[in-house]
Amino acid sequence: MTSLWPRIEPLLAKVQKPARYIGCEDGSRTPEHGSRRVAWLLVYPDAYEVGLPNQGLQILYEILNERDDAVAERAYAPWVDLEALMRSHRLPLFSVDTHRPAGDFDLLAFNVSAELVYTNVLNCIDLASVPVRAADRGPEHTLVVAGGHCAFNPEPLADFVDVFVIGDGEEVVSEITEVVGEWKASGRTPGSRERVLRDLASVPGVYVPSMYDVSYEGPWLRAITPRYPGVPEHVEKRTVADLADWPYPKQQLVPLTEVVHDRLNVEIFRGCTRGCRFCQAGMITRPVRERPADQVRTMVSDGLRRTGYDEVSLTSLSSADFSGIDGVVAGIVNDPVNCGQVSLSLPSLRVDAFTVSVATEIQKVRRTGLTFAPEAGAWRLRQVINKLIREEDLYGAVEAAYSQGWRRVKLYFMTGLPTEMDEDTLGIAHLARNCVAIGRRYHKGASVTASVGGFVPKPHTPFQWFGQNGAAELQRKVGLLRDDLRRDRAVNLRWHDPKATLAEGIASRGDRRIGAVIEEVWRRGGVFQEWSEHFDMALWEEAMAAHGLSIDWYVTRHRTEDEVLPWDHVSAGLHKDFLWQDWQDALAEHGLPDCRWTPCYDCGVCTDYGLEHVVASTLPPAGGSQGTGQDLSAGGDVPVTLLPVGGRG
Amino acid sequence: MTRLRVRFQKLGKVRWTSHRDVARMWERACRRVQLPVAWTGGFSPRPKLSFGLALPTGAESLAEYLDLELASEADVDLDGLPARLTPALPAGVDVTAAAVVASTPSGGRAPSLQEDVDSCGWRVGFAPGVDLAALADRALASSSLLVERERKGRLSVDDVRPAILALSAVVTAEGEPELEALLATRPRALRPQELLRALDPDLEGTRVCRTHQWIERDGLREEPLAVAPHAAWARAQ
């Protein structure tokens, strides 16, 4: 089929931010389609400015376009204004690369990284002229694929997605291409869709929900079992053993219009073993795989030269933990090629003085705010969540920041954590106030932003059994903080809408029955639910009630050890008994050290998958490792004293 | 300090980017070709680039201009500059000329594009069947044309007739009706969309293109860069 551009362009004069839909980014491809090439449409089910920077999508885009037997293009969820025009002009979802209709592609592959975009996934499937329910599709329809962190609990989307990919996508996309290529070559005959799905189900890391039976006992899930021989009982996640083999994206896309994270992004490691118990990303991406420092340097200097960006972000789940991060940072900042005009950012900074000294080095050019995430207001609670930052660590970091010229410090917290008491919640105000007092010693106008999000328990974490706080309880806790901080002008309190937290909770640990709820919310117009201006809790409440489902049962109820969880048949490599033990340790307020630098406690990932951490240094980073009891101001050579770990022989 | 002026086009899909987007494209392009641009000081340093009158999002242009200030020690090969810059810019943004902006005869700083440009030439395309000639004649014959327009969030009703310096209906080689307009930029620039509203509120153009920017000096109209595309220019001191 030909390009839809002549029909799209007249609509662009009538919509906001038309540059979202034109493609033309530096690094974008206009691949040549053909009957021998499997065509992937990679879809980020959110607005362009959120989706474009997504590194996972860009990595797969390059890997697929490098293959002789595949082509890949990109699509993003059209904003509501264009969607209305597309529907009235009968225009389908289109790629931004060559403006082809979604129906021209063999696979519609979604990157799903947040639960509140689920209704957008349905909307995009529908805009692609594909039946939203997988059961209604025939061989003429595009295969619907989904990957990303949310695929680790695939059940809420199981009725709509043909194929889930669990874990790293770098290798598995090629295996899927080969299976789909055969299907395409065979002419996609009637009845062949079932066969290709069965073939895909035997690819490691692939979960095909229609190949499984789900049985219930009243509200309880009893089992999810394969329907056919050869379909795996447990789907194990895929893991790329060594990041050095995958220096992607090689040509990061440079958008023509404003997007989030508009800078060069270089992934310096994947996985994290800090063991923060609330953090799904840290649990499902183990083990730690560092990129060689030389490769990081090459990717940074090549990337800056090619893109013309003046900012680079070294991305990971905790960038200051990269072995020898100070050396890498100094190398980039002092590289004459970069003309001294490059600023560097390290997302997810650890909380200690060492990271501030690194930050000082990197923000020579442009000194923006500095963000720390203590996550909880009291040491007791931080032991529960295993975010082992002492109050002194935070004050040391904040003091270092203010003394070195920063005027704004941002602190991230969660509320509604397991065992949280009001005194823990109020600890947030206490910490923020003390940070302001430290800042005042350096600047009269020092201020602190305390950002508070409601905690949503996530699958494959030790907190997956915990009953989430309801919206009223979260609102009450936010109210406590607001009252307590009323007189503190220098503390800027921000909080996330507790109702959105509740809706996220429905989808986070939902089972297959939640699919009907997602469909109903979408049918009633509930798209872009992660955007506060479009979020509508009433839609979710009414949909739950209409399908006889209880929000309390799905969200605020504590789960028991023997309960079958909707994601038990999907494995991130973590043993369920390890997670349960870690949950018990959490309740006993015991911390757990980082296994990169201390003996293995056998969470299951490395031992079961035959993997190892790939780290350049087996010593904790200079300046100390939070929670190891080191004197963080004293530098690297202080002996490590581990905090007690209970409950394990 | 050397000031360079470049002329560029903005054609095709890239016309849907905004004025701010174009500024960012240029910042990246200057870094990609390692053009030694001077930087502003202060908290958030930026390269010293200054653009003329913003082109409306969605409009094409054959005549966009940009002034960039070079670091004092810089030595730039002007001849090769358009060919170096164009590949560093998105498809559809082509640099067609570059020259040094000379100081005023008295040695003072030459005025900026914003200060200097008095009028812009525009071509607006329409679907076949619109009687543009009658509309143009009526507009030119009227003594005033009122249009409601917004500036910085405030609505005002302005007489835009004095800003219409020339207006004519033409038919392209492809047989499509077009308006050619010369619109003043002072005291306030008349935008092509505002012109259409003044002619007929229901009038909808298909394509808008800025063809020229003009500076009036001593009764003569000249372009901000009086050079032919890709002309070779001796380096001024």
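Note that the structure is a prediction, hence the values are computed from the model and not measured. (Residues numbered from 1 in each chain as written. Chains lettered and ligands numbered in written order. Predicted model: local features only at pLDDT ≥ 70, side-chain atom pairs only at ≥ 80, totals over all residues.)

On a plain count of helices and strands, chain B comes out with five helices and eleven strands. Whereas a compact globule of 237 residues would reach a radius of gyration of roughly 18 Å, chain B reaches 19 Å, a difference of no more than 12%. Projected onto its principal axes, the C-alpha positions of chain B cover 55 × 40 × 35 Å. A fraction of 72% describes how many contacts in chain B between residues 6 or more apart in sequence connect residues 24 or more apart. (Helix = DSSP H or I, 4+ residues; strand = E, 2+ residues; numbered from the N terminus. Rg over C-alpha atoms; globule rule 2.2 N^0.38 Å. Contact = placed C-beta atoms within 7 Å.)

Another point: the pairing of strand β13 (residues 311-315) of chain A. All names here are of chain A. Pairing of strand β10 (residues 264-267) with β13, which is carried by four bridges, proceeds in the parallel orientation. Of the residues in β13, the one forming a bridge with Glu267 is Thr315. Sheet analysis places β13 next to strand β14 (residues 343-345), joined by three bridges and oriented parallel. Bridging across to β14, Val312 finds its partner in Leu344. (Pairing = 2+ DSSP bridges.)

Take the sheet that holds strand β16 (residues 408-415) of chain A next. All names here are of chain A. An order of β15-β16-β17-β18 is seen for the four strands of this open sheet, with the pairing classed as parallel. Lying at the two open borders of the sheet, with one neighbouring strand each, are β15 (370-375) and β18 (491-495). Sheet twist, expressed as the average angle between the axes of neighbouring strands with direction ignored, equals 20°. The pairing of strand β17 (residues 447-454) with β18 spans five bridges and is classified as parallel. The residue bridging Val452 from the neighbouring strand is Trp495, located in β18. (Axes fitted to C-alpha atoms, helices over the stretch in contact; angles between N-to-C directions.)

This part covers the interface of chain B and chain A. By a widespread convention, an interface's size corresponds to the accessible area lost as its parts come together. The interface is formed by 18 residues belonging to chain B together with 16 residues belonging to chain A. Partitioning the side of chain B that touches chain A into residue classes produces eight nonpolar, five polar and five charged. (Nonpolar A, V, L, I, M, F, W, Y, C, P; charged D, E, K, R; others polar.)

By domain assignment, chain B separates into domain 1 (3-113) and domain 2 (127-205). Computed from C-alpha coordinates alone, the two centres of domain 1 of chain B and domain 2 of chain B are separated by 29 Å. (Domains from an automatic or database assignment.)

Across the chain, the bulk of peptide bonds are trans and the bulk of non-glycine residues have phi less than zero. The amide bond that connects A:Tyr248 to the next residue, A:Pro249, takes the cis arrangement and shows omega of -10°. In this fold, A:Pro249 is placed in the loop between β9 (235-236) and β10. For the peptide bond that leads from B:Arg186 to B:Pro187, omega is 5°, which places it in the cis range. Structurally, B:Pro187 can be placed in the loop between β9 (177-184) and α5 (192-199). Positive phi, close to 60°, is recorded for A:Asn386, a residue that is not glycine. Among the structural elements, A:Asn386 can be located in the loop between α12 (379-385) and α13 (391-403). Note on A:Asn386: 25 C-beta atoms within 10 Å, which makes it buried. (Buried ≥ 20, exposed ≤ 12 C-beta atoms within 10 Å, placed from the backbone.)

This part is about the confidence of the model for chain A. Predicted confidence across chain A gives a mean pLDDT of 91, with 93% of residues reaching 70 or more. Scored below 50 in pLDDT, residues 627-649 of chain A makes 48 contacts in the model with residues more than four places away or belonging to other chains. (pLDDT = per-residue confidence, 0-100.)

Moving on, we get to the domain arrangement of chain A. Residues and elements named next belong to chain A. For chain A, the assigned domains read domain 1 (5-236) and domain 2 (263-513 + 549-609). Averaged C-alpha coordinates put domain 1 and domain 2 at centres separated by 30 Å. Of the residues lining the interface, 26 residues belong to domain 1; the matching set on domain 2 comes to 25 residues. At the level of secondary structure, the elements contributing two or more residues to the side of domain 1 that touches domain 2 comprise β8 (220-226) and β9. By residue number, the principal contributor to the side of domain 1 that touches domain 2 is β8, which donates four residues.

Residue and element names in this part refer to chain B. Among the eight residues in α5, six count as buried, and that is most of the element. All buried positions along α5 are accounted for by Pro192, Glu194, Leu195, Leu196, Ala198 and Leu199. Residues of α5 that are buried in the fold lie against β5 (119-125), α4 (132-141), β6 (146-151), β8 (164-171), β9 and β10 (207-217).

Looking now at the confidence of the model for chain B. Any segment with low pLDDT has predicted coordinates that should not be analysed in fine detail. All names here are of chain B. On average, chain B scores 89 in pLDDT, and the residues at 70 or more come to 95%. Taken together, the stretch residues 228-237 has pLDDT below 50 and engages in 15 contacts with residues farther than four places along the chain or on a different chain. Interface confidence for the predicted complex, expressed as ipTM, amounts to 0.90; the pTM equals 0.94.

Residue and element names in this part refer to chain A. The strand order β10-β13-β14 describes an open sheet built from three strands, whose pairing is parallel. The outermost strands of the open sheet, each flanked by one partner alone, are β10 and β14. Going across the sheet, the axis of each strand differs from the next one's by a mean of 25°, ignoring polarity.

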